[in-house]
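Chain by chain, the residues run as shown.
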Amino acid sequence: MNVTNPRFPSTARLKLVSILLLLTSLLGCQTLGSSKPGDSDTFGALLGGAAGAFIGSKAGSGSGRVLTTGAGALVGAFVGREIARYLSHAGQQQMAEANTRALETGQSQIWRDPETGVTGRTDVSGRTTEHEQVPVRVQKDRIDQMPPIDLIGTTYVTKSGSNVRGGPGTDYRSVGSLSAGQAVHVIGKVQDKNWYLISEGGAANGFVATRLLRPAEVEQPPVAPSSSAQGEVMMVSADRTCSINTTKVTQPDGSVAEDRIRICEGPDGYVIEDV
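Quick caveat, the model's predicted, so the values are computed rather than measured.

K.L.:
With reference to specific residues and values, describe the overall build of the protein.
P.N.:
The number of helices and strands found in the protein is 4 helices and 14 strands. Nonlocal contacts in the protein, meaning residues at least 24 apart in sequence, comprise 69% of its contacts between residues at least 6 apart.

K.L.:
So what's going on with the pairing of strand β3 (residues 109–112)? Residues and values would help.
P.N.:
Covered by surrounding structure in β3 are Q109 and W111 only, the residues I110 and R112 on the alternate face being uncovered. Pairing of β3 with strand β4 (residues 119–138) involves 4 bridges; the strand directions are antiparallel. Each bridged residue has a counterpart across the sheet, and for I110 the counterpart in β4 is R121. Hairpin geometry of β3 and β4 is characterised by an intervening segment of 6 residues between the two adjacent antiparallel strands and by a positive phi of about 80° at G117.

K.L.:
Which residues make up the side chain of R165, and what values go with them?
P.N.:
Tracing the backbone shows R165 in strand β6 (residues 162–165). No salt bridge is formed by the buried R165, whose closest oppositely charged neighbour, D171, lies at an N-O distance of 7.6 Å. For R165, the side chain forms a polar contact with the main-chain oxygen of T170, separated by 3.5 Å. Apart from the residues lying within four places of it in its own chain, the contact partners of R165 are T170, Y172, R173, S174, V175, W195, G206 and F207.

K.L.:
Lay out the nonpolar core with the relevant residues and their values.
P.N.:
Core analysis: the biggest nonpolar cluster contains 27 residues, and I149, I198 and L213 have the highest contact counts within it. Look past the residues within four positions of I198 in its chain and what remains in contact with it is V164, L178, V184, H185, V186, I187, A203, A204, N205, G206, V208 and L213. Core analysis: the next-biggest nonpolar cluster, separate from the first, contains 9 residues, I83, M95, V249 and A257 among them.

K.L.:
Before we move on, can you summarise the pattern of salt bridges with the specific residues and values?
P.N.:
Applying the stated criterion to the full structure yields 7 salt bridges. Its salt-bridge partner being E232, residue K140 comes within 3.5 Å of it at the nearest N-O pair. Taken together, the positions of K140 in the loop between β4 and β5 (149–158) and E232 in strand β12 (residues 232–250) put the pair 92 residues apart, joining distant regions of the chain. Here E232 falls in the partly exposed class, since its relative accessible area comes to 46%. If you follow the salt bridges from partner to partner, you end up with E130, E132, R240 and R262 in one network.

K.L.:
Give a detailed account of unusual backbone geometry, specifying residues and quantitative values.
P.N.:
Negative phi is the rule for most residues except glycine; trans is the rule for most peptide bonds. The backbone of D192 shows a phi angle near 70°, a positive value even though the residue is not glycine. By the element assignment, D192 lies in the loop between β8 (183–190) and β9 (195–200). Owing to a relative accessible area of 80%, D192 belongs among the exposed residues under this scheme.

K.L.:
Give me the lowdown on the state of the cysteines, citing residues and values where you can.
P.N.:
Evaluation of the coordinates by the stated rule reveals 1 disulfide. Between C242 and C264 runs a disulfide, and the two sulfur atoms are separated by 2.1 Å. An S-S torsion of about 115° defines the bridge between C242 and C264 as right-handed. Here C264 lies in strand β13 (residues 256–266) and C242 lies in strand β12, a separation of 22 residues in the sequence. Neither C242 nor C264 differs from the other in exposure class; each is buried.

K.L.:
Pulling in residues and values, what's your account of the environment of V249?
P.N.:
Looking at the element boundaries, V249 is found in strand β12. With a relative accessible area of 0%, V249 lands in the buried category. Separated by 139 residues in the primary sequence, V249 and I110 have C-alpha atoms spaced 9.9 Å apart. Every residue in contact with V249, bar those within four places of it in the chain, is listed here: I83, Y86, L87, W111, V118, T119, G120, S255, V256 and A257.

K.L.:
So what's going on with helix α4 (residues 89–105)? Residues and values would help.
P.N.:
For α4, built from 17 residues, the straight-helix expectation of 24 Å at 1.5 Å per residue is met to within 8% by its first-to-last C-alpha distance of 24 Å. Among the 17 residues of α4, 12 are classified as buried, and the element is accordingly described as predominantly covered. When α4 is considered as a whole, its buried residues turn out to be H89, G91, Q92, M95, A96, E97, A98, N99, T100, R101, A102 and L103. Directly after α4, the chain includes G106, whose backbone phi takes a positive value near 75°.

K.L.:
Could you give me a rundown of the environment of P135, with the residues and numbers involved?
P.N.:
When you line up the elements, P135 lands in strand β4. Residues P135 and M234 lie 99 residues apart in sequence; the distance between their C-alpha atoms is 5.5 Å.

K.L.:
Residues and numbers for the confidence of the model for the protein, please.
P.N.:
Residue-level pLDDT values for the protein average 75, and 66% of them are 70 or greater. Low pLDDT (under 50) marks residues 1–10, which in the prediction has 27 contacts with non-local residues, meaning those over four places away or in another chain. Segment residues 12–64 is flagged for pLDDT under 50; beyond a separation of four residues in sequence, or across chains, it makes 114 contacts in the model.

What counts and what doesn't
- Residues numbered from 1 in each chain as written.
- Predicted model: local features only at pLDDT ≥ 70, side-chain atom pairs only at ≥ 80, totals over all residues.
- Heavy atoms only, no water.
- Helix = DSSP H or I, 4+ residues; strand = E, 2+ residues; numbered from the N terminus.
- Contact = heavy atoms within 4.5 Å.
- Buried < 20%, exposed > 50% of the residue type's maximum accessible area, 1.4 Å probe, protein only.
- Pairing = 2+ DSSP bridges.
- Lys, Arg positive; Asp, Glu negative; His and termini not counted.
- Salt bridge = Lys/Arg side-chain N within 4 Å of Asp/Glu carboxyl O.
- Polar contact = N/O pair within 3.5 Å; in protein donor to acceptor, adjacent residues only side chain to side chain.
- Core = buried A, V, L, I, M, F, W, Y, C linked by side-chain atoms within 4.5 Å.
- Disulfide = S-S within 2.5 Å.
- Expected span 1.5 Å × (residues − 1).
- pLDDT = per-residue confidence, 0-100.

Put into structure tokens, the structure is as follows:
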């Protein structure tokens, strides 16, 4: 059992920050500036409306299936329900971090709303690695081979200048280059090879050796998919980690609320489903 703290893996922190940046731009001073429990209904409604649809044949195939580039959408999966009425905005962020860490580690998390005194516990169950054909938008003129991948779906930064290859190896043609310190979206890691599949403008456009990239720090602006992405959608063989997260909150007076969501990794971020 772990206690939530801000020092969880940088990829998870980055996913959290990206949605918080989105919230700031959407809400301005209307709701985010208030810390009162009960404001969370408006907060959640706007967040839910901002989440993008999951691309490809999987879209709409599940109840409440939503794609997000940030872990804060885990808040969006709860707010608007009874559980959100117990939490301030700071508490909602604590809940998001706890759910993210539970997915990343597979371990239960205990957390506390610093403003209301509400305590929370997030338990993870049914943690699985699923093999699926996942829809990915691809610039086919730059991809020579599309091998099976393990999904990541977040931003990395180049350690140095590097070539982008048409396949996972130096024997493939160079289809582009990256400069040192450049942020790039990593769709996933090639299975059994030390190469990442990256994207630009929302479409897969090549492969970079893993030794040349590092997870972005929390301060690094996330690279979000473009709504006008070029390329064709193709089904890619991929493994993704999924879990069912159960969050229970307890008020100082002892009253309790509980809710559950299913969280899966996706090529562009987390895929959230009701259960």
